[in-house]
Amino acid sequence: MPPAVIVAHDPAWSARAQQFLRELRSAFAPLDGADEFTYEHIGSTAVPGLGAKPIVDLQVRMPSLPSLAELAELLAPTPFVPAPGARPDSPGVYADIPRPGDSEDAALYEKRLFHAPAEEAVLHIRRSDSPFAQFVLDFRDWLRHHPDQARRYEQIKRALAEQHAAASDYDDYTRAKSAFLDEIQPQLRGWARNRSS
């Protein structure tokens, strides 16, 4: 796995994400309730102007999660394969970690993780009612509307990428970003509530 390197924002990331999402809509069309699924470009590559690892993050939300095997079969025509995680405790592979103040119901945080290594893309499949799925959307939108905080987040990520440059995976880099998320969460939550009211 290449080291975590933050590169300048590439406007092509958005087009790549939309192409992947079209493929995913087609792949998941046979599933019951497919018309209720939500397909989203998330993460830093979804924030214009924000430097990021050149890995496009995608999210699909479903009312309930099919088995990993069923999803893998549906995704076989695409470049996405199950992502096992680098370590047994790799964060966010089989379940998301609840954010402070959110429900602790473990069932809400179950997920399926796929990746397309050659295409530099990651697919997070979460329940429609997952609080974490909503958090990543709110965080993306908050960064889009707060360019000063997006720049600060990029600086933090660049420093963490340098600090973890010799690591064999992204796990410690990912965990280290949580301090920024914890700090800005009250502002983000207030902004998201006001936006939706």
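Located above this text is the structure these notes cover.
In this report, we go over the structure that sits alongside the text. Just so it is clear, the model here is predicted, and its values are computed rather than measured. (Residues numbered from 1 in each chain as written. Predicted model: local features only at pLDDT ≥ 70, side-chain atom pairs only at ≥ 80, totals over all residues. Heavy atoms only, no water.)

Points about the pattern of salt bridges
Then step 1. Summed over all chains, the structure comprises 17 salt bridges.
Then step 2. With its nearest N and O atoms 3.2 Å apart, the salt bridge here joins Arg87 to Asp172. Of the two residues, Arg87 sits in the loop between strand S3 (81–82) and strand S4 (111–116) while Asp172 sits in helix H5 (residues 171–176), which places them 85 residues apart along the sequence.
Then step 3. Asp172 sits in the partly exposed class, given a relative accessible area of 32%.
Then step 4. Between Asp141 and Arg195 there is a salt bridge, with its nearest N and O atoms 2.9 Å apart. In this pair, Asp141 sits in helix H3 (residues 131–145) while Arg195 sits in helix H6 (residues 178–196), placing the two residues 54 residues apart along the sequence. (Salt bridge = Lys/Arg side-chain N within 4 Å of Asp/Glu carboxyl O. Helix = DSSP H or I, 4+ residues; strand = E, 2+ residues; numbered from the N terminus. Buried < 20%, exposed > 50% of the residue type's maximum accessible area, 1.4 Å probe, protein only.)

Let's talk about helix H4 (residues 147–163)
Each turn of an α-helix holds 3.6 residues, which means side chains three or four residues apart point in the same direction.
Then step 1. Compared with an ideal rise of 1.5 Å per residue, which puts 17 residues at 24 Å, H4 spans 24 Å between its outermost C-alpha atoms and is within 8% of the ideal.
Then step 2. All of the buried residues along H4 are Gln149, Ala150, Tyr153, Glu154, Lys157, Leu160 and Ala161. Within H4, the buried residues cover an arc of 145° as seen down the axis, which keeps them to one side. Across from the buried face of H4, at angles greater than 90 degrees, the exposed residues are Arg151, Gln155, Glu162 and Gln163.
Then step 3. Packing partners of the buried residues in H4 comprise H3, H5 and H6. (Expected span 1.5 Å × (residues − 1). Arc of directions from axis to C-beta. Contact = heavy atoms within 4.5 Å.)

As for the packing of aromatic side chains
Then step 1. Going through the model one piece at a time under the given rule, you end up with 6 aromatic pairs.
Then step 2. Their ring planes at 75° and their centres at 5.6 Å tell us that Phe20 and Phe80 sit as a pair that is edge-to-face. With a gap of 60 residues between them, Phe20 in helix H1 (residues 12–28) and Phe80 in the loop between helix H2 (68–75) and S3 connect regions that are remote in the sequence.
Then step 3. Among the residues examined, Phe20 registers a relative accessible area of 5% and is labelled buried.
Then step 4. Using a relative accessible area of 3% as the deciding quantity, one classes Phe80 as buried.
Then step 5. Relative to Phe135, the ring of Phe132 has its centre 6.1 Å away and its plane inclined at 40°; by these criteria the two rings are tilted. In this pair, Phe132 and Phe135 are both assigned in helix H3, 3 residues apart and thus about one turn of the helix distant.
Then step 6. Its relative accessible area of 16% is what places Phe132 among the buried residues. (Phe/Tyr/Trp six-rings, centres within 6.5 Å; stacked < 30°, edge-to-face > 60°.)

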